[in-house]
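# Coordinate analysis (summary)
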Amino acid sequence: MVDASAVKQKVKNMPKRSKAMAHIPSHKHCRVCGIDISAKAEERVCKNEDCVKKYEKDEKNKERMRVWMLVFFGIFAFLTILPVLARLM
């Protein structure tokens with residue numbers, strides 16, 4: 001069992017999140033290298049050319065993966081429904 005009094009004590013000793021985070025301005029991080037970028041940035045990537053290229057390559061790979069997953073799901077669904085349709089006819 002978990003000792004509730006120990007958990008309450010740990011929570012009580014933790015610093016308040018609002019006070020700890022108050023001095024940090026809102027920002028985002030680059031998805032590739034992780035540096036801070038403006039919160040108003042459209043895409044989460046810095047202006048470094050290597051980061052932009054890697055980000056674009058990753059997006060193309062994600063899109064290709066979505067298409068392949070859709071194709072394989074379609075094949076799976078077709079092969080699953082085919083025996084049911086064969087019984088009905």
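As the structure is a computational prediction, the values presented were derived from the model and not from experiment.

What counts as what
Residues numbered from 1 in each chain as written. Predicted model: local features only at pLDDT ≥ 70, side-chain atom pairs only at ≥ 80, totals over all residues. Heavy atoms only, no water. Core = buried A, V, L, I, M, F, W, Y, C linked by side-chain atoms within 4.5 Å. Buried < 20%, exposed > 50% of the residue type's maximum accessible area, 1.4 Å probe, protein only. Contact = heavy atoms within 4.5 Å. pLDDT = per-residue confidence, 0-100. Helix = DSSP H or I, 4+ residues; strand = E, 2+ residues; numbered from the N terminus. Patch = residues over 30% accessible without salt bridge, like charges linked within 9 Å, V, L, I, M, F, W, Y side chains within 5 Å. Areas by Shrake-Rupley, 256 points an atom, 1.4 Å probe, with all protein chains shown as cover. Salt bridge = Lys/Arg side-chain N within 4 Å of Asp/Glu carboxyl O. Expected span 1.5 Å × (residues − 1). Bend = angle between axes of the 7 residues up to and from the residue.

In terms of nonpolar packing, the biggest core is built from 6 residues, these being Cys30, Ile37, Val45, Cys46, Cys51 and Tyr55. Setting aside anything within four residues of it in sequence, one finds Cys51 in contact with Cys30, Val32, Cys33, Val45 and Cys46.

The next point concerns the confidence of the model for the protein chain. Averaged over all residues, the pLDDT of the protein chain equals 85, while 85% of them reach at least 70. Ranking the helices and strands of the protein chain by mean pLDDT puts helix α3 (residues 49–88) first, with 95, and helix α2 (residues 17–21) last, with 58.

Residues Val67, Trp68, Val71, Phe72, Ile75, Phe78, Leu79 and Leu82 make up a contiguous nonpolar surface patch of roughly 800 Å² in combined accessible area. As for its position among the elements, Phe78 is in helix α3.

Across its 40 residues, α3 extends 58 Å between first and last C-alpha, which sits within 8% of the 58 Å expected from 1.5 Å per residue. At Leu82, α3 shows its largest kink, close to 25°, and the proline Pro83 lies no more than four residues downstream.

One pass over the full model with this rule turns up 3 salt bridges. For Glu59, the salt bridge is made with Lys62, and the minimal N-O distance between the two is 3.9 Å. One end of the pair is Glu59 and the other is Lys62, both in helix α3 and 3 residues apart, which spans about a single turn. Among the salt bridges present, the one from Arg66 reaches Glu63, with a minimum N-O distance of 3.1 Å. With Arg66 and Glu63 both in helix α3 and 3 residues apart, this pair spans about one turn of that helix. With relative accessibility at 47%, the residue Arg66 sits in the partly exposed group. With a relative accessible area of 43%, Glu63 lands in the partly exposed category.

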